[in-house]
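Chain residues, written in single-letter form:
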Amino acid sequence: DPEAAERVFRSGANITMCGLNLTRQIIATDLLVEELAKTRTRVAKFSAEIFQNLLQRIANLNGVREAALHDPCAVLAVTQPELITTELRTVNIELDGTLTRGMTIVDKRPVHRVNATTVNVGYKIDSARALQIITESLG
């Protein structure tokens, strides 16, 4: 919902944006499935089965058994913000584009316009530590 996103971004709240450039740095692979399966708790076993299914479905589509973990990345931005390197940037939401509707447009120039929407844009995450936290949380 691009209009809702625009309202949130313009609200003045302290926002950390976890775009695809960031969330694609945390990747679930068969190694995650194996780690969860070793834990043997009900939640870990259930999670391993879900990831196994997800990885197989993705492999059927594009031949690669890996999946970006978008939602856990957003949670980590709140619970473990030290894992994410951010930069304050001007961000707009495209509302009118035929092919770009809903896209977040990040202005990487260091100058911020008056009355512009600025948010903390995530650029890098400690993916090894993030995966460790995710595995521990599920196990």
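Residues numbered from 1 in each chain as written. Predicted model: local features only at pLDDT ≥ 70, side-chain atom pairs only at ≥ 80, totals over all residues. Heavy atoms only, no water.

Draft legend 1. Region of the structure containing the side chain of Thr117. Along the chain, Thr117 turns up in the loop between β5 (104–107) and β6 (118–125). Within the structure, the side chain of Thr117 is placed 3.0 Å from the side chain of Arg10, a separation counted as a polar contact. Discounting chain neighbours no more than four positions away, the residues touching Thr117 are Phe9, Arg10, Arg89, Thr90 and Val91. (Helix = DSSP H or I, 4+ residues; strand = E, 2+ residues; numbered from the N terminus. Polar contact = N/O pair within 3.5 Å; in protein donor to acceptor, adjacent residues only side chain to side chain. Contact = heavy atoms within 4.5 Å.)

Draft legend 2. Broad picture of the nonpolar core. Judged by nonpolar contacts, the single largest core of 22 residues is most densely connected at Ile26, Phe51, Leu69, Leu76, Leu83 and Ile125. The set of elements that each furnish at least two residues to this core consists of α3 (30–39), α4 (42–62), α5 (70–79) and α6 (127–138). Broken down by element, this core gets its largest block of residues, five residues, from α4. Of all hydrophobic cores here, the second largest spans seven residues; its members include Phe9, Ile15, Val91 and Val119. (Core = buried A, V, L, I, M, F, W, Y, C linked by side-chain atoms within 4.5 Å. Buried < 20%, exposed > 50% of the residue type's maximum accessible area, 1.4 Å probe, protein only.)

Draft legend 3. Geometry of the sheet that holds β5. With mixed pairing, the four strands of this open sheet are ordered in space as β1-β6-β4-β5. With partners counted over all chains shown, the strands left at the sheet margins are β1 (16–17) and β5, one partner each. As defined by bridge partners, strand β4 (residues 84–93) adjoins β5 across four bridges and the pair is classed as antiparallel. Looking at the pairing, Ile93 lines up with Thr104 of β5. Packed onto the sheet, helix α1 (residues 2–9) meets β1, β4, β5 and β6 and runs at close to 120 degrees relative to β4. (Pairing = 2+ DSSP bridges. Axes fitted to C-alpha atoms, helices over the stretch in contact; angles between N-to-C directions.)

Don't take any of this as a statement about function, it's just geometry.
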